[in-house]
Amino acid sequence: MKHKKLISAIAALTMLPTAALADVSYTVQKGDSYWNISQRFNTSLSSVMNANNASGNTALTVGQIITVPSHTYTVQKGDSYYLIAKKCGVTLSALLSANNATTTSSLYAGQKITIPGERGGYKTHTVQKGETYWTISQKYSVSLSSLLAANGAGEGSVLYVGDIVKIPSSSSGNNSSSSSSTPTVTYTTYTVKDGDTLWNIAIKHGIPYSELLSVNSLTESSYIYTGMKLTIPVHHIPVKYAPAGYGELLNWFTEAQYVVPINTDFTIVDLTTGKSFNARRTVGSGHADCEPLTANDTAIMKEIWGGSFNWNKRSVLVKCKGRTIAASAAGMLHAGNEGAAGGEWTSWRSDDYGAGTNYDYIKGNNAHGHFDLHFYKSVGHSSEVENATHQANILKSAGQ
């Protein structure tokens, strides 16, 4: 009897609707890479590259036609467009539109039809660490109330990493430029504690040291004492629209440096290859100076830059606090000594930087020093001017 039940269960599974991969032709646009095309079509990088016999070094050209695998549904006996829409969680109108069909169009068993990517008229979003319904609503330019309603949620509802959130369509469009896209600043008060310094107070609150001094009319030599009240600026950086597979274009001085403050960990994704590694911003003012988190991250970084650390600049995406930001990185580790304490004077620093402050704070990662990470409108340390190559890379990472 148990064997008969098992056979019956297996037979039932084989009768479930099946999904197959179908070839979709896509015309390459300016700034495209295999990775962001895969993101746009909500499929894996490997499946897109395999479909086109491509490798990490394969270049794309504007106007090139490539193949993108997408999901189809195999019609079962007794199916109708209405039943398939219900099974697959899409609206009947969306299903009909995707297949150039009407309510009177016939179906036959074995026929393959396209299942549209939007479920029930919604896009979907996978929740990342640190995200809330509010930040997700800002990312997709929809109202918080409509997002909550689409997900049967309330203002007190909790999100967990990996949750799938439905994104309702926005009547105003993704490119809406309202006052909500403008950064704002509020202020709070901090009471100085025993052992505090102005530097660690600034780091603790994610603001530049110079800004803390300016807001409180202090200088680097100013004395602070336990119980002293300091004014702390709090920067609110709205999520900006970015095309699928690209990142938000955030101004370094007014936006990005507050999303990625010193001591923040994040993931860097290479726009061309889709390879990624983890890093931390350890210092930097005109741009972010960062270090790979682990020895494995250092190895992946080196691989992305062709097997050696060099000053070549690459378009990258920074995934931080549930957001994806357009950036550009140089692949040279410099100004550091893995064998000396970070922040202390050392007689040797990488890339011929000579004696000076050791900018290697993360130990055990097989990396001597830090690398440069630029955002929109960021500048170099010595020149304090924008680097044209970095800025062009950043625009590419933003899909522009």
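For every chain, the first residue of the written sequence is number 1, and numbering continues from 1 along that sequence. In keeping with the model being predicted, local features are shown solely for residues with a pLDDT of at least 70 and side-chain atom pairs are shown and tallied solely at 80 or more, while totals for entire chains, interfaces and linings include all residues. Side-chain metrics in this entry use all non-hydrogen atoms of the structure; hydrogen atoms and water are not considered.

1. Considering the overall build of the protein chain
Test applied: Put simply, DSSP H or I for four residues or longer makes a helix, DSSP E for two residues or longer makes a strand, and each gets a number counted from the N terminus. In this description, contact between two residues means that some pair of their heavy atoms is separated by no more than 4.5 Å. Surface exposure here means Shrake-Rupley accessible area, sampled with a 1.4 Å probe, where a residue is shielded only by the protein chains that are shown.
Secondary structure assignment for the protein chain yields 12 helices and 15 strands. Sequence-distant contacts, at least 24 apart, represent 62% of the contacts inside the protein chain between residues at least 6 apart. As presented, the protein chain carries roughly 20,700 Å² of accessible surface, and 52% of it is formed by carbon and sulfur atoms.

2. Here we look at the packing of aromatic side chains
Put simply, the rule reads: Think of it this way: a Phe, Tyr or Trp ring, Trp meaning its six-membered ring, pairs with another when their centres are within 6.5 Å, and the plane angle makes it stacked under 30 degrees, edge-to-face over 60, tilted otherwise. Burial here depends on accessible area, computed with a 1.4 Å probe over protein chains only, as a share of the maximum for the residue type. Under 20% is buried, over 50% is exposed, and the range in between is partly exposed. A positively charged side chain is recorded as over a ring if its NZ (Lys) or CZ (Arg) lies within 6 Å of the ring centre. The angle to the ring normal must also be within 35 degrees.
Scanning the entire structure with this criterion turns up four aromatic pairs. A ring pair is formed by tryptophan 199 and tyrosine 209, whose centres lie 5.7 Å apart and whose planes are at 70 degrees; its orientation type is edge-to-face. Of the two residues, tryptophan 199 sits in helix H8 (residues 198-204) while tyrosine 209 sits in helix H9 (residues 209-215), which places them 10 residues apart along the sequence. A residue is classified by how much of its surface remains accessible, and tryptophan 199, at 43% relative accessible area, is partly exposed. We note arginine 314 situated over the ring of tryptophan 305; from NZ or CZ to the ring centre the distance is 6.0 Å.

3. Some thoughts on the sheet that holds strand E11 (residues 310-320)
To keep things clear, this is the line we draw: Strand pairing is assigned whenever DSSP detects at least two bridges linking the two strands. Note on geometry: axes are lines fitted to C-alpha atoms, helical ones only across the stretch in contact, with angles between N-to-C directions running from 0 to 180 degrees.
If you trace the six strands once around the closed barrel, you get E8-E9-E10-E15-E12-E11, paired in antiparallel fashion. Here the strands of the sheet are splayed against their neighbours by 45 degrees on average, with no regard to which way each runs. As paired strands, strand E9 (residues 276-283) and strand E10 (residues 288-292) are joined by four bridges and run antiparallel to one another. Looking at the pairing, alanine 279 lines up with proline 292 of E10. Lying on the sheet, helix H12 (residues 388-397) is in contact with E11, strand E12 (323-331) and strand E15 (371-374); it crosses E12 at an angle near 150 degrees.

4. Examining the nonpolar core
For soluble globular proteins, nonpolar side chains are generally found buried alongside one another. To keep things clear, this is the line we draw: Definition used in this section: a nonpolar core is a set of buried Ala, Val, Leu, Ile, Met, Phe, Trp, Tyr and Cys residues joined via side-chain atoms within 4.5 Å.
Membership of the largest hydrophobic core comes to 40 residues, with the highest contact counts inside it found for Phe266, Ile268, Val318, Leu373 and Phe375. If one sorts the elements of this core by residue count, helix H10 (residues 252-259) sits on top with four residues. Those residues within four positions of phenylalanine 375 in sequence are excluded, and the remaining contacts are Leu250, Trp252, Ala256, Val260, Ala288, Val318, Ile325, Ala326, Ala327, Gln391 and Ile394. If you look at the next biggest cluster of nonpolar residues, it comprises 15 residues, including Leu45, Ile66, Val269 and Leu271.

5. Overview of the environment of threonine 186
Here is the rule: Here a polar contact is taken to be a pair of N or O atoms separated by no more than 3.5 Å, where protein atoms must pair a possible hydrogen donor with a possible acceptor and residues adjacent in sequence count only if both atoms sit in side chains.
Inspection of the secondary structure assignment puts threonine 186 in strand E6 (residues 184-191). Residue classification places threonine 186 among the partly exposed residues on the basis of a relative accessible area of 38%. On a C-alpha basis, the gap between threonine 186 and histidine 236 in space is 7.9 Å, while along the polypeptide they are 50 residues apart. Discounting chain neighbours no more than four positions away, the residues touching threonine 186 are Ile232, Pro233, Val234 and His236. Of the polar contacts made by the side chain of threonine 186, one reaches the side chain of histidine 236; its length is 2.8 Å.

Shape is all these values report; function is a separate question.
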